[in-house]
Amino acid sequence: MSARQPIDLEEARGAVLERCAPLSARQVTPHSALGMALAEDLTAAEPVPGFDSSAMDGFAVRSGDTREAKRTSPVTLSLAGESRAGAPATHPLGAGEAFRISTGAMVPDGANAVLRVEDASLEGERVLVGAEVEPGRDIRRAGEDIEAGETVLTAGTRIGPAELGVIVSLGLETVECHRRPRVHVLASGDELLEPGEEMRPGGVRNSNAHTLSALAEQAGAEVCDRSRMADEPEATRAAIGAALDADMVLISGGVSVGEHDHVKGALADLGVEERFWGVALKPGRPAWFGTHEGTLVFGLPGNPVSAMVVFLLLTRPALAALGGSEPRRWRTTARLAGDYEKAPGRTHAVRCAMELDEEGWTVEPTGAQGSHILTSMLGADCLALIPSEAELVRAGERVEVELIGRD
């Protein structure tokens, strides 16, 4: 394949993902697993909840003992004990008795319903029942959430707060997860300045290194280093060579053909095999991808929006696949709010805000779409992908979108 011939976006995604085998797995604690993907199915050894419990504050009763009870003609039961959360009743409920019970407490043996506190009144050791309750009323059954032997979470599931809670509810001290991809971020350019450095003529703040690091971490990666490279061949080779022990290297800038663009030459010298250079994408055409002994190397454009777009469409799916989760989880569809016209030949990734109306989600461009206007990403919820061959997409037509800001 000619390195100068841009390839289709989906072909580029395929070329990246076919080289992304899930990384090795390890045992981690539930909280350490947040954002990681399971490498095993999780099956419940016991039911959740583990016992019948009360859904309300009130009194545990036998439903038959409340027959025909009304507020105007209450039935009287004797208060014979209590069941509190963490402190169950110590003996069974007998006929004509009631136990005080709190929400979440174990239903005592002999009881088959809960009388809500607002339907009763207490006079000394007597409970005045003001409403008839049917069997099973306000009782949460053992195993109602999870049955013993049930597979609750499957391999490949990315662990969020809800998944973490389920893991803890299963009583698991550790779970097996694919490790986080280690990412080294490199930014190329003599003009780059870090926050706090004094501005000089021609200087540019090194926003790409920080933006790309944040995107990588949000996608579940571990950023092991973030470095600047001078526009000098030897320095470029040394910096990239030192980064190749990571699972992925992200290089911002320097992959074009200008006199001071040394990244492609350095990659060739280091034996990084080029897989493609140039994607039929706007913004983001000068994107480079290669591999070196299992390390994935991305050469991202220097323009800040282009770098973000290429990351979201090519690099983020790769990180998901390396981490053992679904690389297409950010892709969905929505309707365009207005007409969009373009020349054929490149897929346009349009920064859009999403709005929900009576017909579903619509997307509308955030404003100026220049690849240097980083603030255009501030109101963007997604990238609307206008197909390469399209010339005019009418308002109301459905297009694929890549969601932004989702982990």
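Now for a look at the structure at hand.

What counts and how
Residues numbered from 1 in each chain as written. Predicted model: local features only at pLDDT ≥ 70, side-chain atom pairs only at ≥ 80, totals over all residues. Heavy atoms only, no water. Helix = DSSP H or I, 4+ residues; strand = E, 2+ residues; numbered from the N terminus. Rg over C-alpha atoms; globule rule 2.2 N^0.38 Å. Buried < 20%, exposed > 50% of the residue type's maximum accessible area, 1.4 Å probe, protein only. Areas by Shrake-Rupley, 256 points an atom, 1.4 Å probe, with all protein chains shown as cover. Contact = heavy atoms within 4.5 Å. Phe/Tyr/Trp six-rings, centres within 6.5 Å; stacked < 30°, edge-to-face > 60°. Salt bridge = Lys/Arg side-chain N within 4 Å of Asp/Glu carboxyl O. Axes fitted to C-alpha atoms, helices over the stretch in contact; angles between N-to-C directions. Parallel < 35°, antiparallel > 145°, perpendicular 65-115°, else oblique. Left-handed = near helix turned anticlockwise from the far one by under 90°. Pairing = 2+ DSSP bridges.

Concerning the overall build of the protein chain
And step 1. Across its full length, the protein chain carries 6 helices and 28 strands.
And step 2. A globule of 407 residues ought to have a C-alpha radius of gyration of about 22 Å, yet the protein chain, at 30 Å, is considerably larger.
And step 3. Expressed along its principal axes, the backbone C-alpha trace of the protein chain runs to roughly 95 × 45 × 45 Å.
And step 4. Taking all 407 residues of the protein chain together, 46% fall into the buried category.
And step 5. Entry remark: accessible area of the protein chain is about 18,900 Å², with carbon and sulfur atoms responsible for 48%.

Thoughts on the side chain of Asn208
And step 1. Topologically, Asn208 is positioned in helix 3 (residues 207-218).
And step 2. Its relative accessible area of 8% is what places Asn208 among the buried residues.
And step 3. Residues within four places of Asn208 in sequence aside, it is in contact with Ser252, Pro301, Gly302, Asn303, Pro304 and Ala307.

Considering the packing of aromatic side chains
Both the distance between ring centres and the angle between the ring planes are used here to describe each pair of aromatic rings.
And step 1. Considering all chains together, one arrives at 2 aromatic pairs under this definition.
And step 2. A ring pair is formed by Phe276 and Phe289, whose centres lie 5.6 Å apart and whose planes are at 35°; its orientation type is tilted. With a gap of 13 residues between them, Phe276 in strand 18 (residues 273-277) and Phe289 in strand 20 (residues 288-292) connect regions that are remote in the sequence. No difference in accessibility class separates Phe276 from Phe289, as the two residues are buried.
And step 3. Ring geometry for Phe289 and Phe298: centres 4.9 Å apart, planes at 45°, overall tilted.
And step 4. Look at Phe289 and you get buried, because its relative accessible area is 0%.

Considering the pattern of salt bridges
And step 1. According to the stated counting rule, one finds 20 salt bridges in the structure shown.
And step 2. Glu10 serves as the salt-bridge partner of Arg13, at 3.7 Å between the closest nitrogen and oxygen. One end of the pair is Arg13 and the other is Glu10, both in helix 1 (residues 9-17) and 3 residues apart, which spans about a single turn.
And step 3. The exposure class of Glu10 is partly exposed, given its relative accessible area of 36%.
And step 4. Between Arg137 and Glu134 there is a salt bridge whose closest N-O contact spans 3.8 Å.
And step 5. Look at Arg137 and you get partly exposed, because its relative accessible area is 22%.
And step 6. Connected through shared salt-bridge partners, Glu10, Arg13, Arg316, Arg328, Arg331, Glu400 and Glu402 make up one network.

A closer look at the packing of helix 1 against helix 6 (residues 304-322)
And step 1. Their axes nearest at 9 Å, the elements helix 1 and helix 6 cross at an angle of 30°. One finds that helix 1 runs roughly parallel with respect to helix 6. For the pair helix 1 and helix 6, the sense of crossing is right-handed. Touching Leu9, Ala12, Arg13, Val16 and Leu17 of helix 1 are Leu313, Leu314, Pro317, Ala318 and Ala321, all from helix 6.

Looking at the sheet that holds strand 9 (residues 126-131)
And step 1. A sheet is described by the order of its strands in space; here 6 strands give the open sequence 7-4-6-5-9-8, paired in mixed fashion. On the outer flanks of this sheet lie strand 7 (113-116) and strand 8 (120-123), each paired with one strand and no other. Put simply, the sheet's adjacent strands are angled 40° from each other on average, direction ignored.
And step 2. With 4 bridges connecting them, strand 4 (residues 58-61) and strand 7 associate as antiparallel partners. Within strand 7, the residue paired with Phe59 across the bridge is Leu115.

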